[in-house]
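Architecture at a glance
As a plain string of letters, each chain reads:
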Amino acid sequence: MSATNLLKYLHLAYFSRHKTERPLFRIIRKLQAGHLVHIGVGTGELAQQMIELAARNTRREKVRYTGIDLFEMRPAENPGLTLKRAYRLLKSLPAKTQLVPGDPYSAIARVANSLPDNDLVLISSDQDMTSLQLAWFYLPRMLHDQSLVLIEDPEHEHAEDGYRVLDIAAVRQLASQSGLQRRRAA
């Protein structure tokens with residue numbers, strides 16, 4: 001790793017303006033994550049930082065970033081990027097970028113089978129919990145045995161510096177609960 005890349009990493013992982021994001025950057029580097037799914041793109045700043053860090057540290061041939069967000073459908077009190085602005089912002093970064101509009105459930109249900117083998121799934125705290133509970137059913141097919149799911153949750157008692165970290169076993173457990181919920185609703 002060059003001195004410049006090391007300094008950029010150290011800044012993100014230990015001195016970043018948003019202290020709660022620091023563990024995320026350390027996890028990306030530790031996992032050498034190259035296939036990223038981000039549920040709740042927001043302003044796109046975090047997406048940019050994740051992609052740039054992953055591009056410098058991945059074991060993969062190329063970084064793949066999938067951003068799932070409401071984009072234009074976001075409520076006024078929770079502003080973010082439009083789909084067009086998000087694409088413009090992210091297209092110049094060193095990643096194959098896919099943007100999927102929709103809530104977690106509808107978007108993940110559409111793309112889960114075409115997005116296997118992700119190293120990291122990041123779920124922002126502004127997501128609709130009902131939609132997210134239904135989406136758990138589809139997440140295991142998007143992961144491999146060493147994948148991690150990080151849920152932004154600074155208030156949770158088991159949160160590690162602002163994130164709840166779930167391994168594949170925990171995700172499968174949530175998926176089975178989601179499957180039962182979906183069957184009862186039908």
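Above this text you will find the structure in question.
Calculation criteria
- Residues numbered from 1 in each chain as written.
- Predicted model: local features only at pLDDT ≥ 70, side-chain atom pairs only at ≥ 80, totals over all residues.
- Heavy atoms only, no water.
- Core = buried A, V, L, I, M, F, W, Y, C linked by side-chain atoms within 4.5 Å.
- Buried < 20%, exposed > 50% of the residue type's maximum accessible area, 1.4 Å probe, protein only.
- Helix = DSSP H or I, 4+ residues; strand = E, 2+ residues; numbered from the N terminus.
- Axes fitted to C-alpha atoms, helices over the stretch in contact; angles between N-to-C directions.
- Parallel < 35°, antiparallel > 145°, perpendicular 65-115°, else oblique.
- Left-handed = near helix turned anticlockwise from the far one by under 90°.
- Contact = heavy atoms within 4.5 Å.
- Nonpolar A, V, L, I, M, F, W, Y, C, P; charged D, E, K, R; others polar.
- Pairing = 2+ DSSP bridges.

A look at the nonpolar core
Counting residues in hydrophobic clusters, the biggest one holds 30 residues, and the most contacted among them are L24, I28, M50, Y65, L120 and L150. Looking at this core, the element that brings in the most residues is helix α3 (residues 45-57), giving six residues. I39, I68, I123 and L166 belong to the second-largest nonpolar core, a separate cluster that totals 23 residues.

Let's talk about helix α2 (residues 22-31)
Turning to α2, its buried residues are P23, L24, F25, I27 and I28. Positive backbone phi, approximately 55°, marks Q32, located one or two places after α2.

Describing the packing of α2 against α3
Taken N-terminus to C-terminus, the directions of α2 and α3 make an angle of 30°; their axes are 9 Å apart at the nearest point. Comparing their axes, α3 and α2 come out roughly parallel. Where α2 crosses over α3, the two elements pack in a sense that is right-handed. Here α2 contributes L24, F25, I28 and R29 to the contact with α3, which in turn contributes L46, Q49, M50, L53, A54 and N57. Grouping the amino acids of the contact of α2 with α3 by side-chain chemistry returns seven nonpolar, two polar and one charged.

Some details on the sheet that holds strand β3 (residues 95-101)
With mixed pairing, six strands are arranged side by side in an open sheet as β3-β2-β1-β4-β5-β6. Of all strands in the sheet, those bounded by a partner on one side alone are β3 and β6 (163-166). Mean inter-strand twist for the sheet, computed between neighbouring axes without regard to direction, equals 15°. The pairing of strand β1 (residues 35-39) with strand β2 (residues 63-69) spans five bridges and is parallel. Residue I39 lies in a different strand from β2, and its bridge partner there is I68. Relative to strand β4 (residues 118-123), α2 is tilted by about 170°, and along the sheet it contacts β4, β5 (143-152) and β6.

Everything listed here is a matter of coordinates, which is why it stays silent on function.
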